[in-house]
Amino acid sequence: MADTDETGDDLPPAARRVAEAARAAGLPIAIRVMAQSTRTAQEAAAACGCDVAQIVKSLLFRGADSGRPYLLLVSGANRVDEARAAATIGEALTRPDARFVRETTGYAIGGVPPLGHAAPLAVYMDEALLGFDTVWAAAGTPLAVFAAAPRALLAATGARTMTM
Ligand code: 5CA
């Protein structure tokens, strides 16, 4: 099966929500539903034919004190230094379980997108992503991705930048 570029009615509902949210945020995107898994950063890089560093991981954390969710958009080449992230955000962080991820974002792990969430989230973006012309992010399902200029993604998500 060939990969498909889709923007319309034949997208899975989760991907359609991402496309709608992106459009509303001033970032028109073409979502690609891949024939092979894009569940992990490595798989997404292989499917997109890009460097793993160009993959945007959308990782949910939770404030240890406030319980607030924080979405970190992290280069696929980087790991989150939780102490450093906590210092940037202003409270210690915990990793929520899969159920909290789904309830908070509206998407299952492996498909969590950088925008289009069930409720507004505080978003932080890894500065390393800004070094690329194009980055690729999940579009709502573990087969769906979209490409964007990182600064346009930064603007559309309202993210603050952080060093990982
Ligand atoms: N579609 C790809 C690339 S865009 C993607 O979504 N990658 S990801 O890194 O953003 O999402 C997978 C991440 O989900 C893993 O790195 C891991 O941090 C997290 N994760 C995996 N399993 C669980 C789990 N059971 N509970 C909480 N988080 C998990």
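Residues numbered from 1 in each chain as written. Predicted model: local features only at pLDDT ≥ 70, side-chain atom pairs only at ≥ 80, totals over all residues. Heavy atoms only, no water.

Participant: Mind laying out the site of the ligand, listing which residues take part and the relevant values?
Facilitator: Inspection of the region around the ligand gives 15 residues, with Thr38, Arg39, Ser58, Arg95 and Gly110 positioned closest. Thr38 has a polar backbone atom sitting 2.5 Å from a nitrogen atom of the ligand. At 3.2 Å, a side-chain N or O of Arg95 approaches an oxygen atom of the ligand. When the free accessible area of the ligand is taken as 610 Å², the share hidden by the protein chains comes to 70%. Counting atoms within 2 Å of the grid points, the majority share of the ligand lands in the largest pocket. Tallied by class, residues from the shell around the ligand come to eight nonpolar, four polar and three charged. (Near = heavy atom within 4 Å. Polar contact = N/O pair within 3.5 Å; in protein donor to acceptor, adjacent residues only side chain to side chain. Areas by Shrake-Rupley, 256 points an atom, 1.4 Å probe, with all protein chains shown as cover. 1 Å grid on protein atoms, 1.4 Å probe; cavity = no way out; pocket = protein on both sides within 12 Å on 5 of 7 lines; lining within 4 Å. Sits in = over half its atoms within 2 Å of the grid points. Nonpolar A, V, L, I, M, F, W, Y, C, P; charged D, E, K, R; others polar.)

Participant: How would you explain the pattern of salt bridges if you had to name every residue and give the values?
Facilitator: Within this structure, the stated rule accounts for two salt bridges. In this structure, the salt-bridge partner of Glu20 is Arg23, at a minimum N-O distance of 3.1 Å. Linking Glu20 with Arg23, this pair stays in helix α1 (residues 13-24), spanning three residues, or about one helical turn. The partner of Arg99 in a salt bridge is Glu103, with the nearest N and O atoms 3.0 Å apart. Residue Arg99 and its partner Glu103 are both found in helix α4 (residues 98-105); the two are separated by four residues, about one turn of the helix. A relative accessible area of 60% places Arg99 in the exposed class. Residue Glu103 is classed as exposed on the basis of its relative accessible area of 51%. (Salt bridge = Lys/Arg side-chain N within 4 Å of Asp/Glu carboxyl O. Helix = DSSP H or I, 4+ residues; strand = E, 2+ residues; numbered from the N terminus. Buried < 20%, exposed > 50% of the residue type's maximum accessible area, 1.4 Å probe, protein only.)

Participant: Describe in detail the packing of aromatic side chains, supporting the description with residues and values.
Facilitator: Think of a pair of aromatic rings as described by two things: how far the centres are apart, and how the planes are tilted against each other in angle. Counted by the stated rule, this structure contains one aromatic pair. In this structure, Arg95 is placed above the aromatic ring of Phe61, and the distance from its NZ or CZ to the ring centre is 4.3 Å. (Phe/Tyr/Trp six-rings, centres within 6.5 Å; stacked < 30°, edge-to-face > 60°. Lys NZ or Arg CZ within 6 Å of the ring centre and 35° of its normal.)

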